[in-house]
Amino acid sequence: MRKAILLFWPSFIIAGLASVTFFTIFDPHELKLHGTQMFEDKRAAYSFFLLAAWAFGALNTAVVLLLQKNARDINGFVPDPTRHQELPGDPDQN
């Protein structure tokens, strides 16, 4: 549950900020693709863009969470670092 919160909450905030920024610049009725209007209803445009931005934000956050893991979590096994054991007759020994 904690990982889901770490994934979806920041991405929701990113999506909200992206939606507000995008729709303060563009009007949903003016968005056209190949000369045809993309959305009939403003609410549909707002919803689509929020969900799309949320998905991209979640993907971004998932990559960040993946990159913050250490090698033991990703690979499943990493031997513990061992201390250099001094051998009898080692010339570095005092």
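Going by the structure above, here's the rest.
The following refers to the structure shown.

## Structural notes on unusual backbone geometry
Despite not being glycine, H34 has its phi angle at roughly 55°, a positive value. The topology assignment puts H34 in the loop between β1 (32-33) and β2 (36-37).

## Some words on the side chain of S19
Looking at where S19 falls in the secondary structure, it is placed in helix α1 (residues 2-25). Owing to a relative accessible area of 10%, S19 belongs among the buried residues under this scheme. Apart from the residues within four sequence positions on either side, S19 is in contact with F49 and L50.

## Points about a nonpolar patch on the surface
Together, M1, I5, W9, F12, I13 and L17 line one region of the surface with nonpolar side chains, adding up to about 700 Å² of accessible area. Assessed through its relative accessible area of 52%, W9 is described here as exposed.

## A closer look at the packing of aromatic side chains
A complete count under the given rule lists 8 aromatic pairs for this structure. With a centroid separation of 5.0 Å and 85° between ring planes, the pair formed by F22 and F23 is classed as edge-to-face. For F22, a relative accessible area of 23% translates into the label partly exposed. Classification of F23 by relative accessible area gives buried; the value is 16%. With a centroid separation of 4.4 Å and 15° between ring planes, the pair formed by F22 and F49 is classed as stacked. A residue pair is termed long-range when its members are at least 10 positions apart, and F22 in helix α1 and F49 in helix α2 (residues 42-67) qualify at 27 residues. Note on F49: relative accessible area 22%, which makes it partly exposed. Among the aromatic residues, ring-to-ring pairing joins F22, F23, F26, Y46 and F49 into one connected group.

Conventions and cut-offs
Residues numbered from 1 in each chain as written. Predicted model: local features only at pLDDT ≥ 70, side-chain atom pairs only at ≥ 80, totals over all residues. Heavy atoms only, no water. Helix = DSSP H or I, 4+ residues; strand = E, 2+ residues; numbered from the N terminus. Buried < 20%, exposed > 50% of the residue type's maximum accessible area, 1.4 Å probe, protein only. Contact = heavy atoms within 4.5 Å. Patch = residues over 30% accessible without salt bridge, like charges linked within 9 Å, V, L, I, M, F, W, Y side chains within 5 Å. Areas by Shrake-Rupley, 256 points an atom, 1.4 Å probe, with all protein chains shown as cover. Salt bridge = Lys/Arg side-chain N within 4 Å of Asp/Glu carboxyl O. Phe/Tyr/Trp six-rings, centres within 6.5 Å; stacked < 30°, edge-to-face > 60°.

Without other data, these values stay purely geometric and don't point to any function.
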